[in-house]
Structures are given as structure tokens and as C-alpha cells.
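# A structural walkthrough
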Amino acid sequence: MVTEFFISGSGGPDVYKGKDMRTAHQNMNISVNEYMAAVDDVMAALDKNGIGQREKEEVLFIFYSLRPDVVRV
Ligand code: HEM
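We now turn to the structure provided with this report. Just so we're clear, the structure is a prediction, and the values are computed from it rather than from any experiment. (Residues numbered from 1 in each chain as written. Predicted model: local features only at pLDDT ≥ 70, side-chain atom pairs only at ≥ 80, totals over all residues. Heavy atoms only, no water.)

Moving on, we get to the overall build of the protein chain. Across its full length, the protein chain holds 4 helices and 0 strands. Every one of the 73 residues in the protein chain was classed for burial, and the buried ones make up 23%. (Helix = DSSP H or I, 4+ residues; strand = E, 2+ residues; numbered from the N terminus. Buried < 20%, exposed > 50% of the residue type's maximum accessible area, 1.4 Å probe, protein only.)

See below:
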């Protein structure tokens, strides 16, 4: 689901059919630290797979903009 979400959100075909981020994470009580841990893991995975700096910055921007819909909603 996360893969499809990123495909749809980063200019690929509109394949994501799941919930919006606020609905998906409602009442999970996710903290900023937990959110940042997930961001760190994804950035490390991008590094490991040789993804370029510009693309990594795009992903980071997506994470930054989604935080209000995931953390403590
Ligand atoms: C921007 C960051 C994140 C994105 C883009 C994301 C994306 C998603 C997506 C696409 C789903 C599936 C929604 C659906 O079922 O329709 C989901 C579910 C879920 N996410 Fe996230 N997520 C993010 C951050 C987090 C974090 C930080 C946590 C926990 C620390 C988390 C925990 C979960 C859990 C537990 C589910 C439900 C899984 C299930 O029902 O099987 N997510 N997320």
C-alpha cells in the first residue's frame, strides 16, 4: 500500500486505492519521534539503493508535508 501511495504521489500512474493518510493513521497516537524513525529508515533505504540526491529531497519533502496528517491524528 505504501509503495502504491508513493507511486501515485510522485507523478506515477494513479494506482493507490487506499485510505487518505489522516484516516489511515487516526487514533494510532504516532509521535514525532516514531515518525522521524520511519523517515530515517526510508532515507537509509534510498541510500542503500543508490537513489540520487534530487529524488531523495523530493521524498523528504513529501514526508515533511504529510507529517500533520500522520502524527497524533
Ligand atoms: C508519511 C509517512 C507515512 C506514510 C506515507 C504511510 C502510508 C501508509 C499507507 C499507504 C497505509 C495503508 C492505508 C490503507 O490501509 O488504506 C498505512 C497504514 C498504516 N501505517 Fe502508515 N504511513 C506513514 C507513517 C507511518 C508511521 C510513522 C507509522 C508508525 C510508526 C505508521 C503505521 C501504520 C500502520 C500500523 C498502518 C496500518 C497497517 C494495517 O492496517 O495493516 N505509518 N500507512
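Right, let's get into the site of the ligand. Inspection of the region around the ligand gives 16 residues, with M1, K19, H25, M28 and Y35 positioned closest. Between the ligand and K19 there is a distance of 2.7 Å, counted from an oxygen atom to a backbone nitrogen or oxygen. H25 is positioned such that a nitrogen or oxygen atom in its side chain is 2.9 Å from a nitrogen atom of the ligand. Elements with a minimum of two residues in the shell around the ligand: α1 (2-9), α2 (21-24), α3 (32-48) and α4 (53-70). In terms of residue count, the dominant contributor to the shell around the ligand is α4 (3 residues). Across the shell around the ligand, the residue classes tally to 13 nonpolar, 2 polar and 1 charged. (Near = heavy atom within 4 Å. Polar contact = N/O pair within 3.5 Å; in protein donor to acceptor, adjacent residues only side chain to side chain. Nonpolar A, V, L, I, M, F, W, Y, C, P; charged D, E, K, R; others polar.)

Fair warning: the whole summary comes from geometry, so function is off the table for now.
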